[in-house]
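Now for the letters of each chain:
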Amino acid sequence: MFRTAFRSAARSAAIRTSAAGASRRAYATTQPPKSSNTGALVGIAALVAGGAGYYFYSQNEVAPKLQTAEDATRAVKEHKVDYQKVYKEIAELLASEASEAYEDGSYGPVIVRLAWHASGTYDKETGTGGSNGATMRFAPESDHGANAGLKVARDALEPIKQANPWISYSDLWTLAGTCAIQELSLGNVKVPWRPGRQDKDVAACTPDGRLPDASKEQKHLRGIFYRMGFNDQEIVLLSGAHALGRCHTDRSGFDGPWTFSPTVLTNAYYQLLKSEKWSWKKWDGPKQFIDDGSRSLMMLPTDMALIKDKEFKKWVDIYAADEKRFFEDFGKVFTTLMELGVPFPVESKPITFDAINA
Ligand code: HEM
């Protein structure tokens, strides 16, 4: 019922903003400027852009329609660097009918997974991979086994990219992950986010095998996450995202959700890890765990490693007992994840968005 109330509030928010959204999108269409003083207007736009000019020139792929000086100013203010507007469009997507019609009623979990897989390829030794690049747009990276199913999220976000061609895919995907975490936690998790990622071409695709293999345990988890620069506490924290979403037999081969509320981010993942009795699922699929109680939940071998390993377990206990702390710490670590491998411009500053559906 809580979820229904949340959805209907979200829907009315989407309806409330749809008229304004439609006019903004129309404004952003690609058309050559008509008037003879176009050059002057573009000049004004560049001047107004000021510090934001970095994005204006390096990331804009199409010229906006600039017919008056007012248009030019508005283009800069509302279209070139208005991340709040993009955040809102993503939140509207999450509350849209298409999202509600998707499994469990939300694109949120698969969008979180897209943002994490785009970032979690980072290797701190070589400085390669990470969220800067959005190379999962290209094969071979899009075809890596770990990325199966993420086309759903990339496609869902594409209209927002088309409406805001100035934003890089790398910024869009990480902003979308950030938005999904904030919205699905009903505003409980704050994720400061910085713009400035640049898309790279196919040559920057990362090799297969950089993301974790769910069939393995603590040694593998440490190998993968230490390579990104994370510690034990952060491995446990990040795994808490499995409160969201589910596994699919046609993507990873695993099956089922981790929690009873896969579209709301809470600390339920840690509580269930501890409170349920987990046994190997008897089925014709990869080795995974099933809860003895409801027989509807699952855990991966990597999830169970968090209560098998003493160091990890310490943090599971802390986050199971203290949801407020989980919310606070998770927001920080998710920001770090979204920033892996990004050489931010000096002028970039974190932006904290207000959740729209809180
Ligand atoms: C600790 C190592 C991790 C392993 C081995 C792992 C593995 C998996 C697997 C096998 C799936 C199911 C994919 C499918 O069949 O659709 C999945 C889904 C998911 N993962 Fe992870 N994951 C890990 C860490 C993370 C992290 C760090 C995050 C985010 C911070 C995350 C967020 C998600 C989400 C939200 C889903 C649900 C996607 C959906 O519902 O479509 N995972 N993960």
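It should be emphasised that the depicted structure is a prediction, and the values quoted were computed from it without experimental measurement. Every residue gets a number counted from 1 within its own chain, in the order that chain's sequence is written. Under the rules for a predicted model, residues below a pLDDT of 70 receive no local features and side-chain atom pairs below 80 are neither given nor counted, while totals for whole chains, interfaces and linings still include all residues. The side-chain quantities take in all heavy atoms of the structure and omit both hydrogens and water.

Engineer: How should I be thinking about the overall build of the chain in this particular structure?
Structural biologist: A helix here means a DSSP run of H or I that spans at least four residues, while a strand means a run of E at least two residues long, and both kinds are numbered starting from the N terminus. Of the regular secondary structure elements, the chain holds 15 helices and five strands. Burial status follows relative accessibility: with a 1.4 Å probe on protein chains alone, a residue under 20% of its type maximum counts as buried, one over 50% as exposed, and anything between as partly exposed. For the chain, buried positions account for 55% of its 358 residues. Surface exposure of the chain reaches about 15500 Å², of which carbon and sulfur atoms provide 56%. Using a 1.4 Å probe, accessible areas were evaluated by the Shrake-Rupley method; residue-level cover was limited to the displayed protein chains.

Engineer: In this structure, what is going on with the site of the ligand? I would like to understand it.
Structural biologist: Near is defined per residue: the residue qualifies when any heavy atom it owns lies within 4 Å of the molecule or strand. Residues in contact with the ligand amount to 25 residues; listed here are only the nearest, W116, H242, R246, H248 and S252. Think of a polar contact as two N or O atoms within 3.5 Å of one another; within protein, one of them needs to be a possible hydrogen donor and the other a possible acceptor, and neighboring residues in sequence only count if both atoms come from side chains. H242 is positioned such that a nitrogen or oxygen atom in its side chain is 2.9 Å from a nitrogen atom of the ligand. Between the ligand and R246, the relevant distance is 3.0 Å, taken from an oxygen atom to a main-chain nitrogen or oxygen of the residue. Sorting the residues of the shell around the ligand by element identifies α7 (108–119), α10 (218–228), α11 (232–239) and β1 (246–247) as the ones contributing at least two each. Counting residues per element, the shell around the ligand draws most heavily on α7, at five residues.

Engineer: What should I look at first to understand the coordination of the iron atom of the ligand in this one?
Structural biologist: Metal coordination angles in their ideal form are 109.5 degrees for the four-donor tetrahedron and 90 or 180 degrees for the six-donor octahedron. In this structure, the iron atom of the ligand receives exactly one donor atom from the protein: H242 (NE2), at 2.1 Å. As for its position among the elements, H242 is in the loop between α11 and β1. Water is not part of the atom set, so a site may look incomplete; the donors themselves are N, O and S atoms within 2.8 Å of the metal, or 3.2 Å for Na, K and Ca.

Engineer: Please explain the sheet that holds strand β3 (residues 278–280) as it appears in this structure.
Structural biologist: Backbone-to-backbone hydrogen bonds pair the strands of a sheet. The strands run either parallel or antiparallel. The strand order across the open sheet formed by three strands is β3-β4-β5, and the pairing between neighbours is antiparallel. Strands at the two margins of the open sheet, each flanked by one partner only, are β3 and β5 (298–299). Of the strand pairs in this sheet, β3 and strand β4 (residues 289–291) are connected by three bridges, and their pairing is antiparallel. Across the sheet, residue W278 finds its bridge partner in β4, namely D291. Strands qualify as paired when DSSP identifies two bridges or more between them.

Engineer: Would you take a moment to explain the packing of helix α9 (residues 169–184) against helix α15 (residues 323–338) for this structure?
Structural biologist: For any two helices packed against each other, one specifies the crossing angle of their axes together with the interaxial distance. An axis is simply a line fitted to the C-alpha atoms; with a helix, the fit covers only the stretch in contact. Between two such axes, the angle follows the N-to-C directions and lies from 0 to 180 degrees. Viewed as axis vectors pointing N to C, α9 and α15 meet at an angle of 170°, and their least axial separation amounts to 10 Å. Taken together, the axes of α9 and α15 are roughly antiparallel relative to one another. For the pair formed by α9 and α15, the contact residues are T174, G177, T178 and I181 on the first element and F330, F334 and M338 on the second. The classification used treats Ala, Val, Leu, Ile, Met, Phe, Trp, Tyr, Cys and Pro as nonpolar, Asp, Glu, Lys and Arg as charged, and all other residues, Gly among them, as polar. Split by residue class, the contact of α9 with α15 holds four nonpolar, three polar and no charged. In this scheme, roughly parallel covers angles under 35 degrees and roughly antiparallel covers those over 145, while 65 to 115 is roughly perpendicular and the rest are oblique. Throughout, a residue-residue contact means that at least one pair of heavy atoms, one from each residue, lies within 4.5 Å.

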